[in-house]
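The lines below spell out each chain.
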Amino acid sequence: MPQAATASEIVHEQGLHHQLSAGQMTMVAVGGSIGTGLLLGSAAALEVAGPSIILSYVVAAFLAYTVAMALGELASVHPAAGSFGLYGELYLNQYLGFLCRAAYWASIAFSIGAELTASAAYMTYWFPAVPGELWVVVFSALLLLVNLRSVGSFGRFEFWFSMIKLATIVAFILAGAALLLSGRVAPQYTAQGGFFPKGPVAPLLAVFWAIYAFGGIEMLAVTTGESRSSKDILRAVRLTFLLLAGLYLGAITVLAGVMPWNHTGVSESPFVSVLRLAKVPAAAYFMNFVVLTAALSGANAKLYVASRLLFSMGRSGWAPPSMGKLNASGSPRSAVLVSSYGIVTALIIQHWAPKQAFVYIMGAAFSGLFFCWVVSLAAHLSFRWQLTPQEVAALPLRSPLGSWGSMLGFVLASAFIIQTLRSSRINQLGGLIFFAGLTIAYLFLKRRKVP
């Protein structure tokens with residue numbers, strides 16, 4: 001089994017505290033995934049496909065499963081904060097390994113601003129007179145304080161932060177199912193133009209929103225660099241996918257059944273709309289608190305992941321050495337501070353274009369977030385092809401889908417990214433500039449990098 005190749009990476013990452021339990025690792029990935037993509041973006045998804053959006057989430061769940069299993073298998077052999085960047089470097093080539101790590105870092109650090117901008121928008125519900133910039137500053141200080149402490153403290157904070165939205169979604173699913181089964185709300189699955197009101201192709205067009213909601217499942221691989229044991233990694237991989245798939249499919253099935261798809265809007269979360277239709281007292285206040293918590297939890301998890309990737313790059317020569325230094329708590333202080341550049345971006349966009357801030361930030365960050373899915377699946381294929389049947393049987397965690405699952409996932413993820421780039425000239429131009437800039441950085445760093 002090709003384990004020797006990680007020896008240098010393990011040395012590079014010495015000093016990190018291995019304190020994360022399976023539950024905490026799971027909640028980092030869940031916290032990074034469950035956010036505005038489900039709680040707010042589900043409204044746009046329903047408008048695109050109607051009730052057939054359920055099928056979009058089934059396709060997205062399958063793709064997320066291939067990614068989770070591929071990364072889980074690789075992480076069980078190579079637990080490291082470098083994660084998918086390391087896998088790309090080991091099993092593909094140095095360029096793709098760097099590009100994957102750097103692109104993901106830049107994108108996810110940038111998307112921290114999206115969550116903070118959304119948080120500021122939610123706070124205006126209660127405090128309309130307070131400028132959004134102030135909330136961005138307050139929440140940024142909180143996130144930096146949490147991430148500069150020990151990873152054990154971070155894990156506990158993120159666990160309970162994520163638990164709030166997880167428990168709320170479970171309660172929402174149960175309440176929505178009760179409304180449908182009791183007859184208090186007429187099922188909407190075929191009431192407004194049938195199950196395919198926009199045609200049979202609509203679910204494929206809406207897959208974008210569904211896959212975006214699953215974005216974050218790959219964060220689990222980064223947490224393996226600070227996991228307590230290999231057993232925690234195995235439990236976390238399985239638990240993360242089961243939780244996300246169950247929550248997303250359950251929530252979207254309830255939404256499609258309770259909420260008329262042609263009555264959705266982007267002014268509020270459809271979760272709030274459904275509870276308002278069900279005449280739940282103070283529903284808007286409660287759900288606004290939940291979506292606020294979800295956004296802050298997402299920003300917290302993303303700052304953690306971005307800082308660990310930059311730390312890994314600093315230790316392996318792909319970023320300044322100062323990025324690889326740890327403070328007394330075992331946190332990469334410089335990497336945390338540099339990775340918070342998305343906060344500055346959020347302040348700028350919040351000031352100049354608050355209404356379009358979320359769309360602007362996520363549109364620019366999107367390509368790098370899912371590029372790692374393609375690289376991870378390709379790296380898993382290369383990894384599997386190097387193993388004998390006996391070595392596959394001895395893997396700590398084996399993907400039930402094997403190589404063919406990663407091959408199908410690679411095709412789906414690649415098609416998804418291509419379709420996303422084709423859908424907008426801004427995305428095409430932004431993606432070209434983004435990856436061209438990283439390529440230039442790679443060529444420069446490669447000449448200066450010490451072997």
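Basis of the calculations
- Residues numbered from 1 in each chain as written.
- Predicted model: local features only at pLDDT ≥ 70, side-chain atom pairs only at ≥ 80, totals over all residues.
- Heavy atoms only, no water.
- Salt bridge = Lys/Arg side-chain N within 4 Å of Asp/Glu carboxyl O.
- Helix = DSSP H or I, 4+ residues; strand = E, 2+ residues; numbered from the N terminus.
- Buried < 20%, exposed > 50% of the residue type's maximum accessible area, 1.4 Å probe, protein only.
- Patch = residues over 30% accessible without salt bridge, like charges linked within 9 Å, V, L, I, M, F, W, Y side chains within 5 Å.
- Areas by Shrake-Rupley, 256 points an atom, 1.4 Å probe, with all protein chains shown as cover.
- Expected span 1.5 Å × (residues − 1).
- pLDDT = per-residue confidence, 0-100.
- Contact = heavy atoms within 4.5 Å.
- Phe/Tyr/Trp six-rings, centres within 6.5 Å; stacked < 30°, edge-to-face > 60°.
- Core = buried A, V, L, I, M, F, W, Y, C linked by side-chain atoms within 4.5 Å.
- Axes fitted to C-alpha atoms, helices over the stretch in contact; angles between N-to-C directions.
- Parallel < 35°, antiparallel > 145°, perpendicular 65-115°, else oblique.
- Left-handed = near helix turned anticlockwise from the far one by under 90°.
- Nonpolar A, V, L, I, M, F, W, Y, C, P; charged D, E, K, R; others polar.

J.: Outline the pattern of salt bridges, supporting the account with residue identities and numerical values.
T.: Evaluated as defined, the whole model comprises six salt bridges. The closest approach of N and O atoms between Glu 89 and Arg 101, which form a salt bridge, is 3.2 Å. Taken together, the positions of Glu 89 in helix H6 (residues 83-91) and Arg 101 in helix H7 (residues 94-123) put the pair twelve residues apart, joining distant regions of the chain. Take Glu 89: its relative accessible area is 25%, and that puts it in the partly exposed class.

J.: Outline a nonpolar patch on the surface, listing residues and values.
T.: A cluster of nonpolar side chains, contributed by Val 201, Leu 204 and Leu 205, occupies part of the molecular surface with about 320 Å² of accessible area. Examined against the element boundaries, Val 201 turns out to sit in the loop between helix H9 (151-182) and helix H10 (202-205).

J.: Summarise helix H15 (residues 283-315); cite the residues concerned and give the values.
T.: Taking 1.5 Å per residue as the helical rise, H15 with its 33 residues ought to reach 48 Å, and the 48 Å between its terminal C-alpha atoms agrees with that figure. Here H15 lies mainly inside the structure; 29 of its 33 residues are buried. Backbone geometry just after H15 places Gly 317 at a positive phi near 90°.

J.: I'd love a proper account of the confidence of the model for the protein, names of residues and values included.
T.: Taken over all residues, the pLDDT of the protein has a mean of 83, while the share at 70 or more is 86%. A low-confidence stretch, residues 3-8 stays under pLDDT 50, and its non-local contacts, those more than four residues away or across chains, total five contacts.

J.: Give a detailed account of the environment of Pro 321, specifying residues and quantitative values.
T.: Within the secondary structure, Pro 321 sits in the loop between H15 and helix H16 (333-339). Sequence spacing of Pro 321 and Ser 334 is 13 residues, and the spatial spacing of their C-alpha atoms is 10.0 Å.

J.: Requested: an account of the packing of aromatic side chains, with residues and values cited.
T.: On inspection of all chains with the given rule, the structure shows 21 aromatic pairs. Relative to Phe 241, the ring of Tyr 65 has its centre 4.7 Å away and its plane inclined at 55°; by these criteria the two rings are tilted. Of this pair, Tyr 65 sits in helix H5 (residues 53-77) while Phe 241 sits in helix H13 (residues 230-258), and the two are 176 residues apart along the sequence. With a centroid separation of 6.0 Å and an interplanar angle of 25°, the aromatic rings of Trp 135 and Phe 139 are classed as stacked. Linking Trp 135 with Phe 139, this pair stays in helix H8 (residues 132-147), spanning four residues, or about one helical turn. For the pair formed by Trp 135 and Phe 139, the shared burial category is buried. An aromatic cluster of three or more residues is present, and its members are Tyr 95, Phe 98, Trp 318 and Tyr 442.

J.: Tell me what's going on with the nonpolar core, and back it up with residues and numbers.
T.: Counting residues in hydrophobic clusters, the biggest one holds 117 residues, and the most contacted among them are Phe 84, Tyr 104, Phe 214 and Trp 373. A per-element tally of this core places H5 first, with 16 residues. Not counting chain neighbours up to four residues away, the residues in contact with Tyr 104 comprise Phe 84, Leu 99, Ala 109, Glu 218, Met 219, Val 305, Leu 309, Gly 368, Leu 369 and Cys 372. Core analysis: the second largest hydrophobic core is formed by 20 residues, Ala 118, Val 136, Phe 139 and Leu 144 among them.

J.: Help me get a handle on the packing of helix H2 (residues 22-33) against H9, residues and values and all.
T.: Two numbers describe how H2 lies on H9: the axes approach to 8 Å, and their chain directions differ by 55°. As far as their axial angle goes, H9 and H2 are oblique. Pair H2 / H9 crosses with left-handed handedness. Within the contact between the two elements, H2 uses Gly 23, Gln 24, Met 27, Val 28, Val 30 and Gly 31 and H9 uses Gly 152, Phe 154, Gly 155, Arg 156, Glu 158, Phe 159, Ser 162, Met 163, Lys 165 and Leu 166. In terms of residue class, the contact of H2 with H9 is built from seven nonpolar, six polar and three charged.

J.: Could you give me a rundown of H2, with the residues and numbers involved?
T.: Across its twelve residues, H2 extends 17 Å between first and last C-alpha, which sits within 8% of the 16 Å expected from 1.5 Å per residue. Along H2, the positions that sit buried rather than exposed are Ala 22, Gln 24, Met 25, Thr 26, Met 27, Val 28, Ala 29, Val 30, Gly 31, Gly 32 and Ser 33. Buried positions along H2 lie against H9, helix H11 (207-214), helix H12 (219-223), H13 and H15.

J.: With reference to specific residues and values, describe the packing of H5 against H6.
T.: Close contact between H5 and H6 brings their axes to 11 Å; oriented N to C, the two are set at 80°. In terms of axis orientation, H5 runs roughly perpendicular to H6. When H5 is examined against H6, the residues Leu 71, Leu 74 and Ala 75 are found in contact with a partner set consisting of Phe 84, Tyr 87 and Tyr 91. Across the contact of H5 with H6, the residue classes break down as six nonpolar, no polar and no charged.

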